[in-house]
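Structure at a glance
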Amino acid sequence: MAYDVQVTIDCAQPHEQAKWWAETLGWQVEPTDGNFIRGLVEKGHAREEDTVVFEGNLVWKIGAAIANPDNPDGPRILFQSVPEPKTVKNRQHLDVRVGDDREAVAEKLGARGARILHRGSQGPFDWITMADPEGNEFCLT
């Protein structure tokens, strides 16, 4: 039996991270229905403190997800709020396959708040390890 996978990334600002990564990957932030959320709060099924307004929209405070619009049944990435800051190297990371445009992509991402951690190679494989605006590592391959 095969299972679907969702990648979940802990962070401090899930909506900012979702927006940054959606732009980086060419994906889309999954829409949130503010009216639905407001109705749940009004009926007592959710609390006002479980929500936040992000860019003029009422959203769930704890997280935001992104998905590939060209593959709606494919995996998604969920960014969820956690109280503790990132303190050590990731045990898992995303590899973003950009091909021969690694340096140009790294420069563009740097202009948007990412930073280069190091460049690596092994045999015929080259990559650039970077950190997103919250410090989560990923590789451009």
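For clarity, every value in this text was computed on a predicted model and none was experimentally measured.

Thresholds, definitions, all that
Residues numbered from 1 in each chain as written. Predicted model: local features only at pLDDT ≥ 70, side-chain atom pairs only at ≥ 80, totals over all residues. Heavy atoms only, no water. UniProt positions renumbered as here; feature names shortened; annotations may be inferred. Helix = DSSP H or I, 4+ residues; strand = E, 2+ residues; numbered from the N terminus. Buried < 20%, exposed > 50% of the residue type's maximum accessible area, 1.4 Å probe, protein only. Polar contact = N/O pair within 3.5 Å; in protein donor to acceptor, adjacent residues only side chain to side chain. Pairing = 2+ DSSP bridges. Axes fitted to C-alpha atoms, helices over the stretch in contact; angles between N-to-C directions. Domains from an automatic or database assignment. Contact = heavy atoms within 4.5 Å. Buried area = accessible area lost by both parts, 1.4 Å probe.

Quick look at the UniProt feature "domain: Glyoxalase-like" (unreviewed entry) in the protein chain now. In this structure's numbering, the residues bearing the UniProt feature "domain: Glyoxalase-like" (unreviewed entry) are residues 6-141. Here residues 6-141 is 23% helix and 36% strand, with 21 Å between the C-alpha atoms at its ends.

Looking now at the side chain of Asn90. Within the element layout of this structure, Asn90 appears in the loop between strand E6 (76-81) and strand E7 (94-96). For Asn90, a relative accessible area of 16% corresponds to the buried category. Here Gln92 takes part through its backbone oxygen, which lies 3.3 Å from a polar atom of the side chain of Asn90.

Another aspect to go through is the pairing of strand E4 (residues 57-60). Note that strand E3 (residues 51-54) and E4 share four bridges and pair antiparallel. For Thr51, the partnering residue across the bridge sits in E4 and is Trp60. The turn joining E3 and E4, which pair antiparallel and follow one another in sequence, is formed by two residues; a positive phi near 50° is taken by Glu55.

Here we come to the sheet that holds E7. Read across the sheet, four strands follow the order E7-E10-E9-E8 without closing on themselves; strand pairing throughout is mixed. Each edge of the open sheet carries a strand with a single partner, namely E7 and strand E8 (115-122). This sheet shows a mean twist of 25° between the axes of neighbouring strands, independent of strand direction. In the sheet, E8 pairs with strand E9 (residues 125-131) via seven bridges, with the strands oriented antiparallel. Note on E9: the bridge partner recorded for Gly120 is Trp127.

Right, let's get into the domain arrangement of the protein chain. Domain parsing of the protein chain yields domain 1 (1-85) and domain 2 (92-140). Computed from C-alpha coordinates alone, the two centres of domain 1 and domain 2 are separated by 24 Å. Opposite the 13 residues of domain 1 that make contact, domain 2 presents 10 residues. Considering only the surface of domain 1 that becomes buried against domain 2, Gln17, Trp20 and Trp21 emerge as the three largest contributors, covering 55% of it.

A separate point is the environment of Phe138. Mapped onto the elements, Phe138 comes out in strand E10 (residues 137-140). Its relative accessible area of 0% is what places Phe138 among the buried residues. Taking the C-alpha atoms as reference points, Phe138 and Ala114, separated by 24 residues in sequence, lie 10.0 Å from one another. Among all residues touching Phe138, those that are not within four sequence positions of it are Trp20, Trp21, His93, Leu94, Val96, Leu109, Ala114, Ile128, Thr129, Met130, Ala131 and Asp132.

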